[in-house]
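For reference, the chains in residue letters:
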Amino acid sequence: MNIYAICTPSHQQLRDEWFLPTMLDDFEINILNVTIEGNGTYREPDFMLAVRRKASMLKLAIEHNWGRSFLVCDMDIQFFSPVKDRLLALQGDLDVLAQDDGPSGLCAGFYVMRANNRTKDLVRVLIQDLAANPLASEQPTFNAASRVSGASTGRLPEGFFTPGTRSAKRWQPGMEIEIPDPIWMHHANWTVGVQNKVEQLRVVRRLVQSRIAGEPPQSRW
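The structure displayed is predicted, hence computed values, not measured ones.

**Q** In this structure, what is going on with the overall build of the protein? I would like to understand it.
**A** From N to C terminus, the protein includes six helices and nine strands. Relative to the 2.2 N^0.38 estimate, which gives 17 Å for 221 residues, the radius of gyration of the protein is 17 Å and therefore close to what a compact globule would have. Principal-axis analysis of the C-alpha atoms places the extent of the protein at approximately 50 × 40 × 30 Å. Across the 221 residues of the protein, 52% fall into the buried class. Taking the contacts inside the protein whose residues are at least 6 apart along the sequence as the reference set, 72% of them involve residues at least 24 apart. For the protein, the accessible area works out to roughly 10200 Å², and carbon and sulfur atoms hold 50% of it. Side-chain charges of the protein comprise 24 positive and 25 negative groups, with the mean position of each set lying 3 Å from the other.

**Q** How should I be thinking about the pattern of salt bridges in this particular structure?
**A** Side-chain pairing between opposite charges can occur once the charged atoms of the two side chains come close. With the rule as written, the count across this model stands at ten salt bridges. Linking Asp 74 and Lys 54 is a salt bridge whose minimum nitrogen-to-oxygen distance equals 3.0 Å. Within this pair, whereas Asp 74 is found in the loop between β3 (69-73) and β4 (77-79), its partner Lys 54 is found in helix α2 (residues 45-64), the two being separated by 20 residues in sequence. The exposure class assigned to Asp 74 is partly exposed, which follows from its relative accessible area of 22%. The salt bridge partner of Arg 124 is Asp 121, with a shortest N-O separation of 2.5 Å. Here the residue Arg 124 and the residue Asp 121 both occupy positions in helix α4 (residues 117-132), the gap between them amounting to three residues, near one helical turn. For Arg 124, a relative accessible area of 44% gives the class partly exposed. Connected through salt bridges with shared partners, the residues Lys 54, Asp 74 and Glu 138 form a single ionic network.

**Q** Before we go on, may I ask you to explain the environment of Asp 76 in this structure?
**A** You can see Asp 76 is positioned in the loop between β3 and β4. A sequence separation of 122 residues divides Asp 76 from Val 198, and the C-alpha atoms of the two residues are 7.9 Å apart. Those residues within four positions of Asp 76 in sequence are excluded, and the remaining contacts are Leu 14, His 186, His 187, Ala 188, Asn 189, Lys 197 and Leu 201. Side-chain polar atoms of Asp 76 contact the side chain of Lys 197, separated by 2.7 Å.

**Q** Just to check I follow, could you spell out the pairing of strand β6 (residues 106-114) for this structure?
**A** Remember that side chains alternate between the two faces of the sheet whenever the strand is regular. Taken across its nine residues, β6 has eight buried, putting it largely inside the fold. Pairing analysis gives five bridges linking β3 to β6, with the strands arranged antiparallel. Among the inter-strand pairings, Leu 71 is bridged to a residue of β6, identified as Val 112. From the end of strand β5 (residues 96-100) to the start of β6, which pair antiparallel, there are five residues, and Gly 102 there has a positive phi angle of about 60 degrees.

Procedures and definitions
- Residues numbered from 1 in each chain as written.
- Predicted model: local features only at pLDDT ≥ 70, side-chain atom pairs only at ≥ 80, totals over all residues.
- Heavy atoms only, no water.
- Helix = DSSP H or I, 4+ residues; strand = E, 2+ residues; numbered from the N terminus.
- Rg over C-alpha atoms; globule rule 2.2 N^0.38 Å.
- Buried < 20%, exposed > 50% of the residue type's maximum accessible area, 1.4 Å probe, protein only.
- Contact = heavy atoms within 4.5 Å.
- Areas by Shrake-Rupley, 256 points an atom, 1.4 Å probe, with all protein chains shown as cover.
- Lys, Arg positive; Asp, Glu negative; His and termini not counted.
- Charge placed at Lys NZ, Arg CZ, Asp CG, Glu CD.
- Salt bridge = Lys/Arg side-chain N within 4 Å of Asp/Glu carboxyl O.
- Polar contact = N/O pair within 3.5 Å; in protein donor to acceptor, adjacent residues only side chain to side chain.
- Pairing = 2+ DSSP bridges.

So, in structure tokens, the structure goes:
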């Protein structure tokens, strides 16, 4: 199974210290490393440009995986178990199975997609709408394109964790995080800035390690 991601210089720490070292599946890794300068902060110009490069990458992924499923990830992700077989079993006949991002709908930062005519149309609409509106961000545009294309979609269970499924509040260091049981992976979103993402990754990993060790549960570090 192929996995696709885009990485800018601002996110290399996430790639090298969290995403790749924690991966436990034998994915064929396809990371598009692009030299877009900036801090990678949500909705800043470099972030918006990376979103559009990612959409173009999806078009190629559809062509290279026709009839098969592939995984699309952001860099701010860590794994706690193998996920490939679980993802394929959960996907069934769905065209897109995405992380549940709570009120934001399907999460455009972690999803498995089957390459077919419906998802080809989804990506076409996504690219078209992002090009037409320079201020459009990925998440709402991805969800809107999913509806227009007629692609069948579903949301992953909470074990594919992001804080947005339990609280629609923007996370800051020092705030509580309640993790699900079991937890298979964690996407450090609902926070802004790479350093906040790193801190959230650290907090969640400590919580998981404490659970494994049988220590009393904590939600704040």
